[in-house]
Amino acid sequence: MQMTSQSVALDCIPCGSQATVVSLRHGAEITRRLLELGVTRGTHLTVLGKAPLGDPMFVRIRGCQIAMRIAEAGQISVVKDGVWTLAAVPAGHTVRVTEVLPDTGITSRLLELGVTKGSSIRILGAAPLGDPMTISVRGCQFAIRRHEAENILVELAA
């Protein structure tokens, strides 16, 4: 399966691929264990392979190799290295838009606000609970909800 520029489940990416964690969708106990292993948003990883029967899969994270059940890997969203969703970028960073994914409710409004391919976005901060986030685009500041920011693919600006 070819990996696309949008986020996919970790269990869907091919062996040898490098990716960055976008989000975890586990229950509290599994999430706690993954956090202990260093699996957090923004973590870089490499898929090493799968067991002969397909479960578990093996991943290298921060120099350590771990085995993970396919069901658990399916709950971890990743993007290929170098490409992030805007929602995953921490405050203070400037990014360049690589793609605005089609979403009938928000895409046209984002384009009207100047969020177009190639435009620079500075992440200014977020509300106390993390949603919405405040961004600056073409000299204008506005808030965007994280689920809307998931539709904006970016790369870190040089």
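Remember, it's a predicted structure, so these values are computed and weren't measured experimentally.

**Points about the pattern of salt bridges**
Now for step 1: Using the criterion set out here, one finds 2 salt bridges in the structure.
Now for step 2: The closest approach of N and O atoms between R96 and E155, which form a salt bridge, is 3.3 Å. Placement of the pair is R96 in strand 8 (residues 94–100) and E155 in strand 12 (residues 152–156), with a sequence separation of 59 residues.
Now for step 3: R96 sits in the partly exposed class, given a relative accessible area of 31%.
Now for step 4: In this structure, the salt-bridge partner of E112 is R109, at a minimum N-O distance of 3.1 Å.

**Things to note about the sheet that holds strand 2 (residues 18–24)**
Now for step 1: An order of 1-6-2-3-4-5 is seen for the 6 strands of this open sheet, with the pairing classed as antiparallel. Unpaired on one side and paired on the other, strand 1 (8–9) and strand 5 (64–68) mark the two borders of the sheet.
Now for step 2: In the sheet, strand 2 pairs with strand 3 (residues 44–50) via 3 bridges, with the strands oriented antiparallel. Following the sheet pairing, Q18 is matched in strand 3 by T46.

**Some words on the nonpolar core**
Now for step 1: Residues L86, V115, I121, I123, I135, I152 and V154 are the most contacted members of the largest nonpolar core, which totals 23 residues.
Now for step 2: Of all elements in the fold, only strand 8, strand 9 (120–126), strand 10 (133–137), strand 11 (140–144) and strand 12 reach the threshold of two or more residues within this core.
Now for step 3: Apart from the residues lying within four places of it in its own chain, the contact partners of I121 are L86, H93, T94, V95, V97, V115, I135, S136 and V137.
Now for step 4: Ranked by size, the runner-up nonpolar core spans 17 residues in total, among them V8, V39, I61 and M68.

**A few points about the confidence of the model for the protein chain**
Now for step 1: Residues with a pLDDT of 70 or more make up 90% of the protein chain, whose mean pLDDT is 81.
Now for step 2: Least confident of the elements in the protein chain is helix 1 (residues 28–36), whose mean pLDDT is 75; most confident is strand 10, at 94.
Now for step 3: A low-confidence stretch, residues 1–5 stays under pLDDT 50, and its non-local contacts, those more than four residues away or across chains, total 11 contacts.

**Quick look at the pairing of strand 10**
Now for step 1: For strand 10, a buried count of 4 out of 5 residues is recorded, marking the element as mostly surrounded by other parts of the structure.
Now for step 2: One ladder, built from 5 bridges, connects strand 9 with strand 10; its direction is antiparallel. Paired with I123 across the strands is I135, a residue of strand 10.
Now for step 3: Turn length for the strand 9-strand 10 hairpin, with the two strands adjacent in sequence and antiparallel, is 6 residues, and the turn residue G130 shows positive phi of about 90°.
Now for step 4: Strand direction decides the pairing type here: strand 10 and strand 11, joined by 5 bridges, are antiparallel. Within strand 11, the position partnered with M133 by the bridge is I144.

Parameters and conventions
Throughout, a residue's number is its position along its own chain's written sequence, starting from 1. Given that this is a predicted model, residues contribute local features only at a pLDDT of at least 70 and side-chain atom pairs are listed and counted only at 80 or more, while totals for whole chains, interfaces and linings are drawn from all residues. Derived side-chain values reflect all non-hydrogen atoms in the structure, with water molecules and hydrogen atoms excluded from consideration. When a carboxyl oxygen of Asp or Glu lies within 4 Å of a side-chain nitrogen of Lys or Arg, that pair is called a salt bridge. Strands are runs of DSSP state E lasting at least 2 residues, helices are runs of H or I lasting at least 4, and numbering of each runs from the N terminus. Exposed residues in this analysis have more than 50% of their type's maximum accessible area, buried residues have under 20%, and partly exposed residues fall in between, with area computed by a 1.4 Å probe over protein chains only. When DSSP finds at least two bridges between two strands, those strands are taken to pair. Take the buried residues of types Ala, Val, Leu, Ile, Met, Phe, Trp, Tyr and Cys, join any two whose side-chain atoms come within 4.5 Å, and each joined set is a nonpolar core. Every residue pair with non-hydrogen atoms within 4.5 Å of one another is taken to be in contact. Note: pLDDT gives the predictor's confidence per residue, expressed from 0 to 100.

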